[in-house]
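Each chain, letter by letter, is given below.
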Amino acid sequence: AFPIVIAPFEIVGNSNNVDISKIIRDNLNRSGQFNALSTEALITNQIDFSFWQEHKKDAVVFGKIEQVSSKVYNVYIYIYDVFSEKSLYQKKIRVHNSGFRRIAHFLSDKIYYVLLGQKGSFDTRLSYVTVSENSNGGRTYKLQISDSDGFNPQTVVRSSNPILSPAWSKDQKKLAYVSFKNNRSEVFVMTPFLKTIPIKLPKFDGIASSPTWHPDGESIALTLSKNGNKDIYLYDFKSKPIPLTTNIAIDTEASFSPDGSKIAFTSNRTGQVQVYIKDLKSGKISRATFEGRYNAKPVFSPDGKDLALIHRVGKDYRLALLDIASRDLTVMTQNKSDESPYFSPNGGMIIYSTNRDNKGILSIISLHNNQVVELMQKE
């Protein structure tokens, strides 16, 4: 891991009680690509490069938070290479006091890019469902969105009926999900940051489930049950759904490749639950998984070379990674009930749900070193 120091930011004026340097350290360490440590002393432009060279640190990051008015601050950040003793990046950003965590994620992405030459995935959002028991014995389901580290959770849908399968559009402006509010499985689409009312997709024949967005954000694939048979359809919100699979078996849980030319999906067409890939141009369908009798919930990596999926080992359901070309399948965890994997936008991490002490939790695994970090406990 890249050894760096993230020093505490100097405070000029009143503190806003958000520790930007800690957020940045936690982000970078969670990626598995960095060994980001703190230091007790503030670092200013007078850097003791010899000291950090002796302690084998490759880079030093420090900054300053300067109060401009009661609610406005200037945030300064500096990144120095320890061995060349040169500045790699410096920036001043004006921020409202409500936006400090967002700025910390933005700066984490900037550090990631400056030092590794790769895009970070910290300034992004999660969507997930929580379930809590009511005093009257019922349940409350909440569709929530949060920062990438699980902070700043916001409830965008609340219901006494189950909510399932939230899925972001690629630009993270639209969110599709499944709701049973009308006592049947239906797909809804919302724009959470515009605070508009969720739109229910038309009442198709049978139930609708497992929505996933096309990369262009203009259409979704979803599973429709017509005449009792589940197949995958493409819906563009204007015309009738177009079937992408037509098989007497159950086809579900579609995921688009990054360029939108293929879908991976789950099917039991061979009598086992396995993952298949369909080329949407040629129409050819090929089986992707061959190890084990159960592989499901495939999701393409951002480069289109791998699939994250759920693989059964004995009675346990575990996160696994499939190299599509070689068919090599690697089991990533030792858990009993993993589900719902998704890649970070840069492909460096996978978030998934699992169970710990009879509670659902969200975990992130780094594909750099297999480090696992638990983000939060669901309600």
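A brief look at the structure comes next. What you see is a predicted model; the values in this text were computed from it and never measured.

## What about the sheet that holds strand 12 (residues 186–190)?
Link 1 in the chain: Here four strands make up an open sheet; going across it, the order is 10-11-12-13 and the pairing antiparallel. The strands lining the two open edges of the sheet, one partner per strand, are strand 10 (163–168) and strand 13 (199–200).

## Looking at the pattern of salt bridges
Link 1 in the chain: Per the stated rule, a full pass over the model turns up ten salt bridges.
Link 2 in the chain: Arg-184 is paired through a salt bridge with Glu-186; the nearest N and O atoms lie 3.6 Å apart.
Link 3 in the chain: Assessed through its relative accessible area of 22%, Arg-184 is described here as partly exposed.
Link 4 in the chain: Exposure remark for Glu-186: the relative accessible area of 6% places this residue in the buried category.
Link 5 in the chain: Residue Glu-374 is joined to Arg-356 by a salt bridge in which the shortest nitrogen-to-oxygen separation is 2.7 Å. Placement of Glu-374 in strand 29 (residues 372–377) and of Arg-356 in strand 27 (residues 349–356) is noted, with a sequence separation of 18 residues between them.
Link 6 in the chain: On the basis of relative accessibility, which here comes to 41%, the residue Glu-374 falls in the partly exposed class.
Link 7 in the chain: Using a relative accessible area of 30% as the deciding quantity, one classes Arg-356 as partly exposed.
Link 8 in the chain: Counted as one network, the salt bridges with shared partners bring together Arg-184, Glu-186 and Lys-200.

## Concerning the nonpolar core
Link 1 in the chain: Counting 34 residues, the largest nonpolar core has Ile-4, Ile-6, Ile-20, Ile-24, Leu-28, Val-75 and Ile-111 as its most contacted members.
Link 2 in the chain: Take this core: its biggest share by element is seven residues, from helix 3 (residues 100–116).
Link 3 in the chain: When sequence neighbours within four positions are dropped, the list of residues in contact with Ile-20 reads Phe-9, Ile-65, Val-75, Phe-100 and Ala-104.

## Description of the sheet that holds strand 24 (residues 316–323)
Note on sheets: strands pair through backbone hydrogen bonds, and any given pair is parallel or antiparallel.
Link 1 in the chain: With respect to topology, four strands assemble into an open sheet ordered 22-23-24-25, the strand pairing being antiparallel. Where the open sheet ends on each side, the last strands, each with one partner, are strand 22 (295–300) and strand 25 (329–331). The sheet shows a mean angle of 30° between the axes of neighbouring strands, direction not considered.
Link 2 in the chain: Relative to strand 23 (residues 306–313), strand 22 is paired through four bridges, and the arrangement is antiparallel. Paired with Phe-300 across the two strands is Leu-307, which belongs to strand 23.

## Quick look at helix 1 (residues 20–30)
Link 1 in the chain: Here helix 1 lies mainly inside the structure; eight of its eleven residues are buried.
Link 2 in the chain: Among all positions of helix 1, only Ile-20, Ser-21, Ile-23, Ile-24, Arg-25, Asn-27, Leu-28 and Arg-30 are buried.
Link 3 in the chain: Positioned one or two residues after helix 1, Gly-32 has a phi angle of 80°, which is positive.

## Describing the environment of Val-18
Link 1 in the chain: When you line up the elements, Val-18 lands in the loop between strand 2 (10–12) and helix 1.
Link 2 in the chain: Taking the relative accessible area as the measure of exposure, Val-18 reaches 23% and is therefore partly exposed.
Link 3 in the chain: Between the C-alpha atoms of Val-18 and Arg-101, which are 83 residues apart in sequence, the distance is 7.3 Å.
Link 4 in the chain: Setting aside its immediate chain neighbours within four residues, Val-18 contacts Ile-23, Phe-100 and Arg-101.

## Focus on the environment of Asp-19
Link 1 in the chain: Structurally, Asp-19 is set in the loop between strand 2 and helix 1.
Link 2 in the chain: Take Asp-19: its relative accessible area is 38%, and that puts it in the partly exposed class.
Link 3 in the chain: Taking the C-alpha atoms as reference points, Asp-19 and Phe-100, 81 residues apart in sequence, are found 8.7 Å from one another.
Link 4 in the chain: Reaching out from Asp-19, the side chain makes a polar contact with the side chain of Ser-21 at a distance of 2.7 Å.

## Here we look at the pairing of strand 5 (residues 72–81)
Consecutive side chains of a regular strand alternate in pointing toward one face of the sheet and then the other.
Link 1 in the chain: Taken across its ten residues, strand 5 has eight buried, putting it largely inside the fold.
Link 2 in the chain: Adjacent in sequence and paired antiparallel, strand 4 (residues 59–67) and strand 5 are bridged by four residues.
Link 3 in the chain: Sheet topology places strand 5 next to strand 6 (residues 86–96); ten bridges connect them, and they run antiparallel. The partner of Val-72 across the bridge, within strand 6, is His-96.
Link 4 in the chain: Between strand 5 and the antiparallel strand that follows it, strand 6, lie four residues; Glu-85 among them carries a positive phi value of about 60°.

Quick notes on the rules
Residues numbered from 1 in each chain as written. Predicted model: local features only at pLDDT ≥ 70, side-chain atom pairs only at ≥ 80, totals over all residues. Heavy atoms only, no water. Pairing = 2+ DSSP bridges. Helix = DSSP H or I, 4+ residues; strand = E, 2+ residues; numbered from the N terminus. Salt bridge = Lys/Arg side-chain N within 4 Å of Asp/Glu carboxyl O. Buried < 20%, exposed > 50% of the residue type's maximum accessible area, 1.4 Å probe, protein only. Core = buried A, V, L, I, M, F, W, Y, C linked by side-chain atoms within 4.5 Å. Contact = heavy atoms within 4.5 Å. Axes fitted to C-alpha atoms, helices over the stretch in contact; angles between N-to-C directions. Polar contact = N/O pair within 3.5 Å; in protein donor to acceptor, adjacent residues only side chain to side chain.

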